[in-house]
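# Descriptive analysis of the structure
Residues per chain, in single letters:
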Amino acid sequence: MSQGQGQAPTGQDQDQVTGMVCLESELQDGQMKEVEVDEQKILLVRTQGLYSAVGSKCSHYGAPLIKGALVGDRVRCPFHGACFNIKTGDIEEYPGLDCLPSYKVKVEDGKVYVSVNEKSLKVYKRVKDMSCRVSGVRHTILLIGGGPASLLCAETLRQNRYEGRIVMVTRDTLPPIDKPKLSKAMHLESASLLLRPTDFFQQYDIELWTQKEAVSVNPVEKTVKLNDGSLHYYDQLLISTGCRARPLSCPGSELEGVRILQSYEDAKEIHQSCVGKKAVVVGASFIGMEVASYLADKAASVAMVGNGSYPFERSLGPEIGKMTMQMLEESKVKFYMNDGVVEIRGENGKVKEVVLKSGAVVETDVVIAGIGVIPNSDFLKESQVEVDSRKAVIIDKFMRTNIPNVFGAGDVTSFPLTIRKDQRVNIGHWQLASAHGRVAALNMLQKQIKIDSVPFFWTVLLGKSVRYTGYGEGYTEIIFKGKVEERKFLAFYIKDDQVVAAASLMFDPAVARLAEMMSNGLVITKAQAQSDDLSWLKM
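Residues numbered from 1 in each chain as written. Predicted model: local features only at pLDDT ≥ 70, side-chain atom pairs only at ≥ 80, totals over all residues. Heavy atoms only, no water.

### Some details on the overall build of the protein
- Across its full length, the protein carries eight helices and 37 strands.
- In terms of overall dimensions, the protein is globule-like: its C-alpha atoms have a radius of gyration of 25 Å, near the 24 Å expected for 539 residues.
- Counting all 539 residues of the protein, 53% fall into the buried class.
- For the protein, the accessible area works out to roughly 23,700 Å², and carbon and sulfur atoms hold 46% of it.
- Taking the 65 positively charged and 65 negatively charged side chains of the protein as two groups, their mean positions are separated by 1 Å. (Helix = DSSP H or I, 4+ residues; strand = E, 2+ residues; numbered from the N terminus. Rg over C-alpha atoms; globule rule 2.2 N^0.38 Å. Buried < 20%, exposed > 50% of the residue type's maximum accessible area, 1.4 Å probe, protein only. Areas by Shrake-Rupley, 256 points an atom, 1.4 Å probe, with all protein chains shown as cover. Lys, Arg positive; Asp, Glu negative; His and termini not counted. Charge placed at Lys NZ, Arg CZ, Asp CG, Glu CD.)

The structure is reproduced here in structure tokens:
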């Protein structure tokens, strides 16, 4: 295939750079090609006999969408699951915030022409049009929390021409950041983590109050009290306070050098205190394993303490857990599994060693806990907002709580999951929190939109990324394609003779395609997963 400049088709705008795309053979419906126009890489797609063209890179981390999954009128990123409409370039599923640029396509005399506006050359993402506050409009929407749910809620409100006041309240010192990076790249400067620059909030009249925390909500008076004693009125309220890291409670947990990972400052301190020092990570969770992976070539030694036989044993299964354990062991991480911490001993107020249930004593300078999270809902105690036994805020498919005009979103919530017949779940995925924020905003504006996103998750260990989609709780069997021990596989999680979740390593875009199939309501059977013929997956 070659590309080149050609004579513009009739009616071409003056500010357009037009490339004639020469294809070795005409694209068939459901096919994609990455082409180049004036050194700009573009994704050319054909569906239902029509061509369309959008940016070729995912707006999240720049992954090549040509390697993704095209289903219907949208393409899903192979890496982290973001979805884009191939007609408009609009983002339809997360993570990420921005849309893709879209380009004019014209077919004349069997030749395909793609027109690129000169202003959009070298641009691979596009901020959706947004409005601002209109003077005199007194309606106020208060967003409690500074994560992706609040940010997507605020942006969706402005994208849908909401003209009132938007206030985002966060206990963090920074505007919303890319928190999944904190456990994967703990040395990054704050500027590189910001999801939006500070002037973005000013530009679109989104008030951002940092280092403030809600301490109570009064739904009758429609007020929220903050930790500085101030009282603030709202017309509509979003509770998106997320979860906090569960601290260790054993003797010695108050010593200097015992840390949790919650904020940018936490990540920075863990990095600085562990370089060249001995570290113990407690909890073979996704956070714990990512921290151990990051520290493997920076700390003098890294030990991992887990209460199961293998990491991720309940969520991903023992085979994948064993593989990840071996990966880290090859990088000199020492594991103490089926074990736990009973005491942390110190000297002069600082951590010196960790005592385990097994009797082992591990010398260390730093202890990092990754032992789960607690929903940040304590401030709702007197509000009558309903919470479940775990203190997660109960919401419906429209993100509504039991209190009128009070909505919930993100990790702090328990919500009905479409792909599990509306089973109520609490899932701490970045992608879902983003989707919740969007749906909450649309329902604040009376759009009556339900949440129907399929969970999509990824973890990165030593540069290798495991992708996961679906909801595997209660699975009874795992069917593997490829070989886990060779670190190239696709795993199907089976419950009631159906595939309820899938995980992969070096098997793209299988998980992305499965997520799209689930999103379209397709039932994937155990028999399909067992078959040696995976043509149904259309990889």
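Once you've had a look at it, read on.
### A short note on the packing of helix 4 (residues 286-295) against helix 5 (residues 318-330)
- Direction vectors running N to C along helix 4 and helix 5 enclose 25°, while the axes themselves pass 10 Å from each other. The orientation of helix 4 relative to helix 5 falls into the category roughly parallel. Classified by chirality, the crossing of helix 5 by helix 4 is left-handed. Across the interface between the two elements, Met 289, Ala 292 and Ser 293 from helix 4 touch Thr 324, Met 325 and Leu 328 from helix 5.
- Of the residues in the contact of helix 4 with helix 5, the class split is four nonpolar, two polar and no charged. (Axes fitted to C-alpha atoms, helices over the stretch in contact; angles between N-to-C directions. Parallel < 35°, antiparallel > 145°, perpendicular 65-115°, else oblique. Left-handed = near helix turned anticlockwise from the far one by under 90°. Contact = heavy atoms within 4.5 Å. Nonpolar A, V, L, I, M, F, W, Y, C, P; charged D, E, K, R; others polar.)

### Focus: the environment of Ser 135
- Structurally, Ser 135 can be placed in the loop between strand 11 (111-117) and strand 12 (140-144).
- Along the primary structure Ser 135 and Arg 165 are separated by 30 residues, whereas in three dimensions their C-alpha atoms are 9.5 Å apart.

### Quick word on the sheet that holds strand 35 (residues 477-483)
- Overall, antiparallel pairing links the five strands, which are arranged 33-34-37-36-35 in an open sheet. The open sheet terminates on both sides in strands that have one partner only, identified here as strand 33 (456-461) and strand 35. This sheet shows a mean twist of 15° between the axes of neighbouring strands, independent of strand direction.
- Strand direction decides the pairing type here: strand 33 and strand 34 (residues 464-470), joined by six bridges, are antiparallel. For Leu 461, the partnering residue across the bridge sits in strand 34 and is Lys 464.
- In the packing of helix 7 (residues 510-519) onto the sheet, the strands contacted are strand 33, strand 34, strand 36 (488-495) and strand 37 (498-505), and the crossing angle to strand 37 comes to about 155°. (Pairing = 2+ DSSP bridges.)

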